[in-house]
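Given next are the chains, with one letter for each unit.
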Amino acid sequence: MRLMMKLLKDRNFIFLLSITLGLLLPQPAEWTKALMIPALALVMTLATINVPNNYFLNPRAIMKPSLAGLFMSYVILSGTILCLAALLIDDKNLWIGFVLVAAVPPAVAVIPFTAILDGNVSYTLSGTVASYIAALLIMPLFFWIFMGTAFDDPYKLLKIMLLLIVLPLILSRVILFLNWQERLSPVRGLLTDWGFFIVLYSIIGVNRNLIFTNPLTVVPIAAIAFGTTFILGWLIQRICVLCRVDKKNVISLVLQGTLKNQGIAGGLAIALFAKEAALPSAIYSIIMILYIIWLDRRKQKALQ
């Protein structure tokens, strides 16, 4: 019993459990997917408690990390995704799926993951907010250039941005104003980890049949996902070290340069295109979990 309680509090076990249940017991995902947005909003609120109230009062402090976030997400990561997909993907629907992944803003999870990995949350927040705002223009532009399809529902992205960026930031200010951060401290990590469980399990569970009915198709998708997380992340880190970038900012740049919002990409794929277009988002979600676990374990070893 004590071992079970310990496992249920272990972040890596929770993330691996989300993969396992998503692949082996996917049926409840049809119901839990409705909880994805509230779960992410909760995780975002808990993560942005770290951002001081006076942070956005200094435009000069925001400008540099905002431009850095845009560059990492839409130049480095999107460019790499599209180049690799052009080389390895022949199927039209899968290509659409990769264009969707490249066009969406960074994963909302980059902010709480920055907190988990002891990075600069304020730096990541600036880059993420800037990328979500820019996505209102960049997403339809990407669709028009690479698919010839206009994105005719910008309000969906705006709604997601308000729910997952603006609302959590406001709620975190309320928590700081009421001085509740200390009360939340004992359960903050556990709520964050299980919030991610709901999101990751739902994405994988909903797309489980696509993964198992197209085993050969999964290989090049997984290769691209691995290349744009593990390998690209390593390259970004090495370059940052050579350029003597602050260690906490390196974490922010690595996460923004390797993680895309698979929830938005997968949702658009399912709603607007053939179901195969959602397969890249499903595989990316699994690789993303493994990548985050690897980053977390590497951090823990460095502290020992």
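Scroll up to find the structure.
Predicted, not measured: the structure shown is a model, and the values here were computed from it. (Residues numbered from 1 in each chain as written. Predicted model: local features only at pLDDT ≥ 70, side-chain atom pairs only at ≥ 80, totals over all residues. Heavy atoms only, no water.)

Peer 1: Residues and numbers for the packing of aromatic side chains, please.
Peer 2: Tallied over the full model, the rule gives 13 aromatic pairs. Each ring, one from Phe197 and one from Tyr201, has its centre 5.9 Å from the other, and the planes form 5°; the classification is stacked. Residue Phe197 and its partner Tyr201 are both found in helix α10 (residues 181-206); the two are separated by 4 residues, about one turn of the helix. As far as the burial class goes, Phe197 and Tyr201 line up, both buried. (Phe/Tyr/Trp six-rings, centres within 6.5 Å; stacked < 30°, edge-to-face > 60°. Helix = DSSP H or I, 4+ residues; strand = E, 2+ residues; numbered from the N terminus. Buried < 20%, exposed > 50% of the residue type's maximum accessible area, 1.4 Å probe, protein only.)

Peer 1: Please give an account of the environment of Lys9 that cites residues and values.
Peer 2: Mapped onto the elements, Lys9 comes out in the loop between α1 (2-7) and α2 (11-24). A relative accessible area of 55% places Lys9 in the exposed class. For the pair Lys9 and Ile221, spaced 212 residues apart in sequence, the C-alpha to C-alpha distance is 32 Å. Beyond its immediate chain neighbours, meaning those up to four positions away, Lys9 contacts Ile14, Leu190 and Asp193. (Contact = heavy atoms within 4.5 Å.)

Peer 1: How would you summarise the packing of helix α8 (residues 121-146) against helix α13 (residues 247-256) if you had to cite specific residues and measurements?
Peer 2: Working note: a packed helix pair is described by the angle between its axes plus the distance between those axes. With their axes 9 Å apart at the nearest point, α8 and α13 run at an angle of 30° to one another. Viewed along their axes, α8 and α13 adopt a mutual orientation that is roughly parallel. Between α8 and α13 the crossing geometry is right-handed. Across from Tyr123, Thr124, Gly127 and Thr128 in α8, the residues of α13 making contact are Asn249, Ser252, Leu253 and Gln256. (Axes fitted to C-alpha atoms, helices over the stretch in contact; angles between N-to-C directions. Parallel < 35°, antiparallel > 145°, perpendicular 65-115°, else oblique. Left-handed = near helix turned anticlockwise from the far one by under 90°.)

Peer 1: Describe the pattern of salt bridges, listing the residues and the values that go with them.
Peer 2: Applying the stated criterion across every chain, the model contains 1 salt bridge. Note that Lys33 is salt-bridged to Glu30, the shortest N-O span being 3.2 Å. The class of Lys33 is partly exposed, set by a relative accessible area of 40%. Judged by its relative accessible area of 44%, Glu30 falls in the partly exposed class. (Salt bridge = Lys/Arg side-chain N within 4 Å of Asp/Glu carboxyl O.)

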